[in-house]
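Tertiary structure, described
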Amino acid sequence: QVQLVETGGGLVQAGGSLRLSCAASGRTFSIYFMGWFRQAPGKEREFVAAISRSGGGTFYADSVKGRFTISRDNAKNTVYLEMNSLKPEDTAVYYCAATRLTTIQLREYDSWGQGTQVTVSS
């Protein structure tokens, strides 16, 4: 288990960019497969992006591929989500999550941050 805190959300106009950060506690960050998920009001939480333990493998939902980039810095215990060309449909609460498995399935993630709101205006 690991404590996660997301920062960087806010209000941005369509076409703009934001960078989210997720800071993890402890010195065992590198053992976790990390993911970003999002949830809009009244909708199910959905997968956005994930990154392998070393950072060498990345995975994206089709809806964000080519616009979002996930990265991690294990020395800083931090994972990032750089979001470009934002659209109103990207509006949601974004959550950072961690798992000891190698998966993008939401139900397999054990640790979750509190979420950070991203609002994209049209």
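In this report, the structure presented in the accompanying data block is examined. (Residues numbered from 1 in each chain as written. Predicted model: local features only at pLDDT ≥ 70, side-chain atom pairs only at ≥ 80, totals over all residues. Heavy atoms only, no water.)

What follows covers the nonpolar core. Formed by 36 residues in total, the largest nonpolar core has its most connected members in M34, W36, V79, L81, M83 and Y94. Listed by contribution, the elements that provide at least two residues to this core are β3 (18–24), β4 (33–39), β5 (46–51), β7 (68–73), β8 (78–83), β9 (92–99) and β11 (116–121). M83 has contacts with G16, S17, L18, L20, R67, F68, Y94 and V118, leaving out every residue within four places of it along the chain. (Core = buried A, V, L, I, M, F, W, Y, C linked by side-chain atoms within 4.5 Å. Buried < 20%, exposed > 50% of the residue type's maximum accessible area, 1.4 Å probe, protein only. Helix = DSSP H or I, 4+ residues; strand = E, 2+ residues; numbered from the N terminus. Contact = heavy atoms within 4.5 Å.)

Taken in spatial order, the four strands make up an open sheet running β1-β3-β8-β7, and their pairing is antiparallel. Here the strands that pair on one side only, and so sit at the sheet edges, are β1 (4–7) and β7. Sheet twist, expressed as the mean angle between neighbouring strand axes with direction ignored, is 15°. As paired elements, β1 and β3 share four bridges and run antiparallel to each other. Within β3, the position partnered with E6 by the bridge is C22. (Pairing = 2+ DSSP bridges. Axes fitted to C-alpha atoms, helices over the stretch in contact; angles between N-to-C directions.)

The subject of this paragraph is the side chain of R72. Assignment of secondary structure puts R72 in strand β7. In terms of polar contacts, R72 uses its side chain to reach the backbone carbonyl oxygen of F29, at 3.0 Å. The residues touching R72, leaving out its near neighbours within four places in the chain, are F29, S30, Y32, F33, M34, I51, S52, R53, G55, T78 and V79. (Polar contact = N/O pair within 3.5 Å; in protein donor to acceptor, adjacent residues only side chain to side chain.)

Glancing now at the state of the cysteines. For the structure shown, the criterion picks out one disulfide. A sulfur-sulfur separation of 2.1 Å characterises the disulfide bridge that pairs C22 with C96. Handedness here is read from the sign of the S-S torsion; for C22 and C96, about -80°, the answer is left-handed. Placement of C22 in strand β3 and of C96 in strand β9 is noted, with a sequence separation of 74 residues between them. Take C22: its relative accessible area is 0%, and that puts it in the buried class. Taking the relative accessible area as the measure of exposure, C96 reaches 0% and is therefore buried. (Disulfide = S-S within 2.5 Å.)

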